[in-house]
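# Residue-level structural notes
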Amino acid sequence: MDPSQWIDVTTEKNHYSLDHFVIPTHYEQDVSSILIPHGVIMDRVNKLARLIVDDATGPLVVCCILKGGHQYFADLVNAVKKLTNKDGKTIPLSLEFIRVKSYKNDKSEGVTMSITDEECKEFEGKNLLIVEDIIDTGATMVQLLKKLGTYSPKSVKVTSLLIKKTPRSNGYIPDYVGFSIPDEFVVGYALDYNEYFRDLDHICVISEHGKQAYAV
Ligand code: 5GP
């Protein structure tokens, strides 16, 4: 997918006031603006599902990157299930859930995955679709793809609902992107701040009050 096809919500004029939509009362002071209302997310997920099905050449192993990716994964899988490809055929799906932790030290950068070596061996010869919530620097995804590549899948494609426009980016670009967002910390639609805000439907910019209220 060419970056010109991403929905660009990086400028101030894209932010909605909190008065325009319903926000749970327990978060009213904790977000400063609504960046992407839930309805727009759902409409965009339908389009991403359409693009994925159009490109699919066979069964897909859809891999949810936990925890932040779970809402996008659930809505995307629901949308893909309802669609047929150009030959009128539905796409067989199997689902995998991977908790990924990135780590850094002086000598190496890498990721640990919650699934075992044995489980990863099942990926050999399969078409993988990785479903992620957000690409920030790109470091986690680059390392994850390196690791998954060692299990010889037939193909690996990545979809991320969000990509952050940041000078810290390593240049990595997923195959399917929903929205490019400003270099701000966003929450909602399963994206968390110290485990809070996963129960907020819209994607919002966290406020200073929110950062302080839920700091650990
Ligand atoms: P990267 O390795 O691309 O720098 O970071 C990827 C991970 O950082 C994401 O999967 C996500 O867990 C976390 N992350 C980066 N930016 C944000 C953000 O704005 N909001 C939230 N909730 N998580 C973020």
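The paragraphs below set out a description of the structure included in this document. What you are looking at is a predicted structure, and each value in this text was computed from that prediction instead of being measured.

## Examining the overall build of the protein chain
- A count of helical and extended segments in the protein chain gives 5 helices and 10 strands.
- The C-alpha radius of gyration computed for the protein chain amounts to 18 Å, which stays within 12% of the reference 17 Å derived for 216 residues, consistent with globular compactness.
- In terms of overall dimensions, the protein chain has a C-alpha envelope of 50 × 50 × 30 Å along the principal axes.
- Total accessible area on the protein chain stands at roughly 11,100 Å², and carbon and sulfur atoms take up 50% of it.
- Averaging the coordinates of the 24 positive side-chain charges in the protein chain and doing the same for the 30 negative ones gives two points 6 Å apart.

## Focus on the sheet that holds strand S9 (residues 186-187)
- Read from one edge of the open sheet, 3 strands run S2-S10-S9, paired in antiparallel fashion. Of all the strands in the sheet, just strand S2 (31-36) and S9 have a single pairing partner and so form its edges.
- Sheet topology note: the S2/strand S10 (residues 203-206) ladder contains 4 bridges and is antiparallel. Bridging across to S10, Ile 34 finds its partner in Cys 204.

## With respect to the environment of Glu 119
- Along the chain, the position of Glu 119 falls in helix H3 (residues 117-121).
- Linking Glu 119 and Val 77, residues 42 residues apart in sequence, is a C-alpha distance of 21 Å.

## A short note on the site of the ligand
- Of all residues adjacent to the ligand, which total 15 residues, the nearest are Thr 137, Gly 138, Thr 140, Val 186 and Asp 192.
- Val 186 places a main-chain nitrogen or oxygen 2.8 Å from a nitrogen atom of the ligand.
- For the ligand, the protein covers 80% of the area, taking 500 Å² as the surface of the free molecule.
- Where the shell around the ligand is concerned, the elements lending two or more residues are strand S6 (127-135) and helix H4 (139-149).
- Ranked by residue count, the leading element in the shell around the ligand is S6, at 4 residues.

## Quick notes on the packing of aromatic side chains
- Evaluated as defined, the whole model comprises 7 aromatic pairs.
- Ring centres of Tyr 16 and Phe 21 lie 5.3 Å apart, and the angle between their planes is 85°; on these two criteria the pair is classed as edge-to-face.
- Between Phe 197 and Tyr 214 the ring centres are 5.3 Å apart and the planes differ by 85°, which places this aromatic pair in the edge-to-face class. Residue Phe 197 is located in the loop between S9 and S10, and its partner Tyr 214 is located in the segment after helix H5 (208-213); the two are separated by 17 residues in the primary sequence. Judged on exposure class, the residue Phe 197 and its partner Tyr 214 are both buried.
- Linked through ring pairs, Tyr 27, Tyr 196, Phe 197 and Tyr 214 together constitute an aromatic cluster.

Thresholds applied
Residues numbered from 1 in each chain as written. Predicted model: local features only at pLDDT ≥ 70, side-chain atom pairs only at ≥ 80, totals over all residues. Heavy atoms only, no water. Helix = DSSP H or I, 4+ residues; strand = E, 2+ residues; numbered from the N terminus. Rg over C-alpha atoms; globule rule 2.2 N^0.38 Å. Areas by Shrake-Rupley, 256 points an atom, 1.4 Å probe, with all protein chains shown as cover. Lys, Arg positive; Asp, Glu negative; His and termini not counted. Charge placed at Lys NZ, Arg CZ, Asp CG, Glu CD. Pairing = 2+ DSSP bridges. Near = heavy atom within 4 Å. Polar contact = N/O pair within 3.5 Å; in protein donor to acceptor, adjacent residues only side chain to side chain. Phe/Tyr/Trp six-rings, centres within 6.5 Å; stacked < 30°, edge-to-face > 60°. Buried < 20%, exposed > 50% of the residue type's maximum accessible area, 1.4 Å probe, protein only.

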